[in-house]
Amino acid sequence: MEHRDGFDDRLRQARAKQGLDPDPAKAGGGLPTGPWGIGFRAGVEVVAALVAGAGLGFLLDRWLGTFPWLFLVFFLVGGAAGVLNVYRLFKPRPNAKP
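Residues numbered from 1 in each chain as written. Predicted model: local features only at pLDDT ≥ 70, side-chain atom pairs only at ≥ 80, totals over all residues. Heavy atoms only, no water.

### Describing the UniProt feature "transmembrane region" (unreviewed entry) in the protein chain
Worth spelling out the cut-off: UniProt positions are given in the numbering used here, feature names are shortened, and annotations may be inferred rather than shown by experiment. Helix and strand definitions follow DSSP, with helices as H or I runs of at least four residues and strands as E runs of at least two, each counted in order from the N terminus.
Under the UniProt annotation, "transmembrane region" (unreviewed entry) lies at residues 42-60 and 66-87. Strand forms 0% of residues 42-60 and helix 100%; the C-alpha atoms that close the span are 27 Å apart. Helix makes up 86% of residues 66-87 and strand 0%, with an end-to-end C-alpha separation of 32 Å.

This is the structure:
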């Protein structure tokens, strides 16, 4: 079947202009490329979760006067969250293209 006067091309351009079909070259949010990028992201995931858990535990301990118990509990929860984030980072996605 014919392209009907370039209709498909115009439709593709209009959808890209409206943001409905983003350019795959500009798409972000996926895995970084290269081993350094992936390793850096995994490290940041673990450290950020640990800092968030420890910070929340420390603040709750100061507010409730239970130092160091909530700090330790939330530090462990943050560590578990960091490991879970790294697991999700490397877990194969069923609909991913090879």
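Alright, that's what it looks like, and here's the rest.
### Brief notes about the packing of aromatic side chains
Test applied: Two aromatic rings from Phe, Tyr or Trp, using only the six-membered ring of Trp, form a pair when their centres are within 6.5 Å; if the ring planes differ by under 30 degrees the pair is stacked, by over 60 it is edge-to-face, and anything between is tilted. Only protein chains enter the calculation, and the probe is 1.4 Å; a residue is then buried if its accessible area is under 20% of its type maximum, exposed if over 50%, and partly exposed in between.
Under the counting rule described, the total for this entry stands at three aromatic pairs. On the numbers, 6.3 Å between centres and 35 degrees between planes, the contact of F67 with F71 is tilted. You can call F67 exposed: its relative accessible area is 53%. Judged by relative accessible area, F71 falls into the partly exposed class, the value being 25%.

### Digging into the environment of A49
We apply this condition: The contact definition used throughout considers only heavy atoms, calling two residues in contact when any of these lie within 4.5 Å.
As for its position among the elements, A49 is in helix α2 (residues 35-64). Classification of A49 as buried rests on a relative accessible area of 13%. Through-space distance from the C-alpha of A49 to that of A81 is 6.1 Å; in sequence the pair is 32 residues apart. Sequence-distant contacts of A49, that is, excluding residues within four places in its chain, are made with G78, A81 and G82.

### Remarks on the side chain of D61
Among the structural elements, D61 can be located in helix α2. Not counting residues within four places of it along the chain, the set of residues in contact with D61 comprises T66, F67, P68, W69, L70 and F71.

### Quick look at the packing of α2 against helix α3 (residues 69-90)
The condition is simple: As a rule, the C-alpha atoms of each element are fitted with a line to give its axis, helices using only the stretch in contact, and angles between N-to-C directions run from 0 to 180 degrees. An angle counts as roughly parallel when it lies under 35 degrees, as roughly antiparallel when it exceeds 145, as roughly perpendicular when it falls between 65 and 115, and as oblique in every other case. It is the rotation of the near helix from the far one that decides the hand of a crossing: anticlockwise by less than a right angle makes it left-handed, clockwise makes it right-handed. Each residue receives one of three labels: charged for Asp, Glu, Lys and Arg, nonpolar for Ala, Val, Leu, Ile, Met, Phe, Trp, Tyr, Cys and Pro, and polar for the others, Gly being one of them.
At a minimum axis separation of 7 Å, α2 and α3 run at an interaxial angle of 160 degrees. Taken together, the axes of α2 and α3 are roughly antiparallel relative to one another. As α2 packs across α3, the resulting crossing turns out to be right-handed. Its residues assigned to classes, the contact of α2 with α3 comprises 19 nonpolar, six polar and three charged.

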